[in-house]
Amino acid sequence: MEVGTLTGTTEVKQQGNGSNTLKDGAGKETAARETVARDVVVAKEPAQSPVVTPVAPPVITPVSSPVAAPIVTPTVSPVVTPVLDAAKASVLKPAPERKRTRNLSEDKRFKLFSGTANRPLTEEIGRYIGVPVGEVKIQRFADGEVYFQLLENVRGVDVFVVQPTCYPVDQHLVELLVMIDALKRASAARITVVVPYYGYARQDRKDRPRVAISAKLIADLLTTAGANRALFVDLHAAQIQGFFNIPVDHLFASPVLVSYFRELALPNLTVVSPDAGGVERARFFAQKIGAPLAIVDKRRTDMNVTEVMHVIGDVKGKNCLIIDDIIDTAGTLVKTVDALYTAGAAAVHAAASHAVLSGPAIDRIANSRLEQVVVTNTIPLREAAAKLPKIKVLSIAGLLGAAIESIHMETSVSTLFS
């Protein structure tokens, strides 16, 4: 103990200028280690302590010397600064949308299937987006029951099924439900039903005692069967979207029809709504094409039977364009045409999204004073209608293809509404 105390005292005296270094944390450790070493040396050879003294300053000086600071500063700052900037940029900048492509043929997580209602439309959509229609087996039993089998693996795949519920409505509806069930049981990741024409849409409310709201019923059936998303074209009533508890995309055929009539460039044109319920649709069309609006007031006396009352608006000497969503028996259409000619219209054209054309519709159109009836291919035309020169069909495959592509790529579909 006495040797250690003497040695420590001797060390402090011998270091002199090194006392400032001993205050630093690292300096204390170094000084402590040197003190222990010197204790051993002094215990054995006390005369050699002056020899050890000059060696200590060079060892302690580089550790606590202020010269080390400029060496550390340039090394740390350039590395830390860009990392912080990149982190800030990733937080402030929104993630870019995935790029849309018109060719999904290399995407193994996307498949397109079709029912029997309108396979030509599905094939046209497939050509637009660059994807072949999936292989399926659809047959009918002797009693009319549908048999459906997928011939491709759809596990974990984003599947789109195209099937309008047109004539025969019940048959095509059940076929769609069976297809959805098969896809669900085959472990498809997501099932989107693409229904260009939504049957039973005209029964969307209780307008009489003890009637069904079939539009809601069909929505429940599609959801219960396993549909995860739905895509429609020109629903008879926009509020039908609210009947679904799954995401719904509602497209309008008006961009296709507007483009056609802009190219046709009919002079002195007036857009006409055939009833009060279609005013919003006709007004939108009139705004897009830059034409005035007229309305025909009608009174429905029974199902598929109407009586036109009078025309609201100036149509005298005008080219009139009747805009509607459905042409069924064409009874409303031809009576509206007669009312417009009675009011002094120069010529009457008609345009509709869905050409149901049931019963006497084709004969009524053929014998009417209509110049032309423009429809889309949401529903395939029957042979007699396809041969009628007055009827012109426009394709909405591009519109549906772009919507399907956007849904799959999770990009906005709002641009398709303009």
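These figures come from a predicted structure and were not determined experimentally. Counting restarts for each chain, with residues numbered from 1 along the sequence as it is written. Restriction of local features to residues with pLDDT of at least 70 applies here, the model being predicted, together with a cutoff of 80 or more for giving and counting side-chain atom pairs; totals for whole chains, interfaces and linings are based on all residues. Note: side-chain values were computed over all heavy atoms of the structure, leaving out hydrogens and water.

**Concerning the overall build of the protein chain**
Piece 1. Where helices and strands are cited, they refer to DSSP runs of H or I of at least four residues and of E of at least two residues respectively, numbered from the N terminus. Check the secondary structure of the protein chain and you find 15 helices and 14 strands.
Piece 2. Relative accessibility under 20% of the residue-type maximum defines a buried residue, over 50% an exposed one, and the middle range a partly exposed one, all with a 1.4 Å probe and only protein chains included. A buried classification covers 45% of the 418 residues belonging to the protein chain.
Piece 3. For this analysis, residues touch if any pair of their heavy atoms sits within 4.5 Å. Partitioning the contacts of the protein chain with sequence separation of at least 6, the portion at a separation of at least 24 is 64%.
Piece 4. Each accessible area is a Shrake-Rupley estimate made with a 1.4 Å probe; only the visible protein chains count as cover when residues are assessed. Looking at the protein chain as shown, the accessible area adds up to about 22200 Å², and 57% of this sits on carbon and sulfur atoms.

**Focus: empty space enclosed by the protein**
Piece 1. Cavity: a set of points on a 1 Å grid over the protein atoms alone where a 1.4 Å probe fits but cannot get out. Pocket: an open set with protein on both sides within 12 Å along at least five of seven lines, its lining residues, like those of a cavity, having an atom within 4 Å of a point. Grid points are joined across faces, edges and corners, and a volume is the space filled by probe spheres set on the points. Applying the stated rule across the entire model yields 2 cavities of 30 Å³ or more.
Piece 2. By volume, the second largest cavity is sized at about 40 Å³.
Piece 3. Lining the second largest cavity are Y197, Y198, A201, V233, D234, L235, H236, D325, I326 and H354.
Piece 4. The classification used treats Ala, Val, Leu, Ile, Met, Phe, Trp, Tyr, Cys and Pro as nonpolar, Asp, Glu, Lys and Arg as charged, and all other residues, Gly among them, as polar. Each residue belonging to the lining of the second largest cavity can be placed in one class, and the counts come to 6 nonpolar, 2 polar and 2 charged.

**A look at the nonpolar core**
Piece 1. The biggest cluster of nonpolar side chains holds 42 residues, and the ones touching the most others in it are I125, F285 and L400.
Piece 2. Looking at this core, the element that brings in the most residues is helix α15 (residues 397–409), giving 8 residues.
Piece 3. Dropping the residues within four chain positions of it, I125 is found in contact with L112, V162, A397, L400, G401 and I404.
Piece 4. Core analysis: the next-biggest nonpolar cluster, separate from the first, contains 35 residues, L150, V154, V159 and A237 among them. Nine residue types can take part in a nonpolar core, namely buried Ala, Val, Leu, Ile, Met, Phe, Trp, Tyr and Cys, and a core is a set of them joined through side-chain atoms within 4.5 Å.

**Here's the deal with the pattern of salt bridges**
Piece 1. Each reported salt bridge corresponds to a side-chain nitrogen of Lys or Arg within 4 Å of a carboxyl oxygen of Asp or Glu. Overall, the coordinates contain 13 salt bridges when judged by the stated rule.
Piece 2. The residue E175 makes a salt bridge to R140 at a minimum N-O spacing of 3.0 Å. Residue E175 is located in helix α8 (residues 169–185), and its partner R140 is located in strand β2 (residues 136–140); the two are separated by 35 residues in the primary sequence.
Piece 3. Given the relative accessible area of 1%, E175 is considered buried.
Piece 4. E383 is the salt-bridge partner of K387, the closest N and O atoms lying 3.1 Å from each other. Remark: E383 and K387 occur in helix α14 (residues 383–387); sequence separation between them is 4 residues, near one turn of the helix.

**A few points about the environment of E124**
Piece 1. If you trace the backbone, E124 turns up in helix α7 (residues 119–129).
Piece 2. For the pair E124 and A397, spaced 273 residues apart in sequence, the C-alpha to C-alpha distance is 6.0 Å.
Piece 3. Setting aside residues up to four positions removed in sequence, E124 forms contacts with N377, S395 and A397.

**With respect to helix α10 (residues 254–264)**
Note that an α-helix has 3.6 residues per turn; residues three or four places apart therefore point the same way.
Piece 1. Regarding α10, the residues found buried are S254, V256, L257, V258, Y260 and F261.
Piece 2. Elements in contact with the buried residues of α10: α11 (279–289), β11 (319–327), β12 (347–355), β13 (372–376) and β14 (391–394).
Piece 3. The first or second residue beyond α10 is A265, which carries a positive phi of 55°.

**Remarks on the side chain of Q372**
Piece 1. Checked against the element boundaries, Q372 lands in strand β13.
Piece 2. A relative accessible area of 17% means that Q372 is categorised as buried.
Piece 3. Within the structure, the side chain of Q372 is placed 3.1 Å from the side chain of Y260, a separation counted as a polar contact.
Piece 4. When residues no more than four places from it in sequence are discounted, the contact partners of Q372 are Y260, L264, V348, H349, A350, K390 and K392. Pairs of N or O atoms are called polar contacts if they sit within 3.5 Å, as long as, within protein, a hydrogen donor faces a hydrogen acceptor (for residues adjacent in sequence, only side-chain-to-side-chain pairs).

**Brief notes about α15**
Piece 1. The length a helix should cover is 1.5 Å for every residue beyond the first. An ideal rise of 1.5 Å per residue puts 18 Å on 13 residues; α15 measures up with 18 Å between its terminal C-alpha atoms.
Piece 2. Summarising burial for α15: 12 of the 13 residues are buried, a large majority.
Piece 3. Every buried residue of α15 is accounted for by A397, L399, L400, G401, A402, A403, I404, E405, S406, I407, H408 and M409.
Piece 4. On the buried face of α15, the contacting elements are β1 (110–114), α7, β4 (158–162), β5 (190–195), β6 (229–233) and β7 (248–251).
Piece 5. Residue E410 follows α15 closely and has a positive phi angle near 60°.

**Quick look at the environment of A294**
Piece 1. As for its placement among the helices and strands, A294 is situated in strand β9 (residues 293–302).
Piece 2. For A294 and V272, which are 22 residues apart along the polypeptide, the C-alpha to C-alpha distance reads 4.7 Å.
Piece 3. Ignoring sequence-local partners within four residues, the contact set of A294 consists of T270, V271, V272, S273, I312, G313 and V315.

**Some thoughts on the packing of α10 against α11**
Piece 1. At a minimum axis separation of 10 Å, α10 and α11 run at an interaxial angle of 45°. Relative to α11, the element α10 is oriented oblique. Considering the relative orientation of α10 and α11, their crossing is right-handed. Counted together, S254, L257, V258, F261 and R262 of α10 and F284, F285, K288 and I289 of α11 form the full contact between these two elements.
Piece 2. Its residues assigned to classes, the contact of α10 with α11 shows 6 nonpolar, 1 polar and 2 charged. All axes are obtained by fitting lines to C-alpha atoms, using only the stretch in contact for helices, and the reported angles, taken between N-to-C directions, cover 0 to 180 degrees. Any angle that falls under 35 degrees is termed roughly parallel, while one over 145 is termed roughly antiparallel, one within 65 to 115 roughly perpendicular, and all others oblique. For any pair of crossing helices, the crossing counts as left-handed if the nearer helix is rotated counterclockwise from the farther one by less than a right angle, and right-handed if it is rotated clockwise.

**Some details on the sheet that holds β4**
Piece 1. We treat two strands as partners when DSSP finds at least two bridges between them. Pairing is parallel across the open sheet formed by 5 strands, whose spatial order is β1-β4-β5-β6-β7. Either end of the sheet is taken by a strand with one partner, and the two such strands are β1 and β7. Between one strand axis and the next, the sheet turns through 15° on average, direction left out of account.
Piece 2. The pairing of β4 with β5 spans 5 bridges and is classified as parallel. Residue pairing in the sheet places F160 in a bridge with T192 of β5.
Piece 3. Contacts from α7 reach β1 and β4, with the element oriented near 160° to β1.
Piece 4. This element, α15, spans β1, β4, β5, β6 and β7 of the sheet and lies at about 160° to β6.

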